[in-house]
Amino acid sequence: MINNDTLNQKAQNLAQQAQELAQNISALQHGGGVDPFIFGLTVFVLACFVGYYVVWRVTPALHTPLMSVTNAISGIIIVGAIIALGPQSSVDGDSFSHFAGFIAVVIASINIFGGFIVTHRMLSMFQKKVHPPTKENSHGK
């Protein structure tokens, strides 16, 4: 039979380990001593690699749905850029945020309209082409 003292000791050890684990997780959530620039740069580089491999392995059949998702993401970028172009919040007039917002609106707009053009062309490839009747295919008339 299990001794109560042994059981209590095991429970205390498990509680201590859980507390240490929670402290480690808390330290990881708050940066864990990593420079934020290095952390952001790491995420950017990993996103570039993942994006490269995802884009180049897309089959042509999935191109149109992915373009529509990209257009939706560009729409979200435009909303954020319009917010950045909103009323001046600082006294000295932060012109860089307005300039960056304007550039974001322009680039995202080009991306959206270009995406719609490409999507329209891709969808037109899947439509049946109707040929006018000619003398060869008029079936003996």
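Quick caveat, the model's predicted, so the values are computed rather than measured.

*Asks:* Describe the overall build of the protein chain, listing the residues and the values that go with them.
*Replies:* If you tally the helices and strands in the protein chain, you get 4 helices and 0 strands. Start at the N end of the protein chain and walk to the C end: the helices and strands fall as α-α-α-α. When each of the 141 residues of the protein chain is scored for burial, the buried share is 11%. Residue pairs in contact within the protein chain that sit at least 24 positions apart in sequence constitute 64% of those at least 6 positions apart. Of the roughly 12300 Å² that the protein chain leaves accessible, carbon and sulfur atoms contribute 69%.

*Asks:* Describe in detail the packing of aromatic side chains, supporting the description with residues and values.
*Replies:* In total, this model carries 2 aromatic pairs according to the counting rule given. Their ring planes at 80° and their centres at 5.3 Å tell us that Tyr52 and Tyr53 sit as a pair that is edge-to-face. Through a chain of ring-to-ring contacts, three or more aromatic side chains come together here, namely Tyr52, Tyr53 and Trp56.

*Asks:* Before we move on, could you go through helix α4 (residues 95–125) and cite the residues and values that matter?
*Replies:* Counted at 1.5 Å a residue, the expected span for α4 with its 31 residues is 45 Å, and the 45 Å between its end C-alpha atoms agrees. Residues His98, Gly101, Val105, Ala108, Ser109, Ile112, Gly115, Thr119 and Met122 constitute the buried set of α4.

*Asks:* How would you sum up the confidence of the model for the protein chain? Please name residues and give values.
*Replies:* Mean pLDDT over the protein chain: 76, with 81% of residues reaching 70 or higher. Across the protein chain, the element-wise mean pLDDT spans from 76 in helix α3 (residues 63–84) up to 86 in helix α2 (residues 36–56).

Cut-offs used in this document
Residues numbered from 1 in each chain as written. Predicted model: local features only at pLDDT ≥ 70, side-chain atom pairs only at ≥ 80, totals over all residues. Heavy atoms only, no water. Helix = DSSP H or I, 4+ residues; strand = E, 2+ residues; numbered from the N terminus. Buried < 20%, exposed > 50% of the residue type's maximum accessible area, 1.4 Å probe, protein only. Contact = heavy atoms within 4.5 Å. Areas by Shrake-Rupley, 256 points an atom, 1.4 Å probe, with all protein chains shown as cover. Phe/Tyr/Trp six-rings, centres within 6.5 Å; stacked < 30°, edge-to-face > 60°. Expected span 1.5 Å × (residues − 1). pLDDT = per-residue confidence, 0-100.

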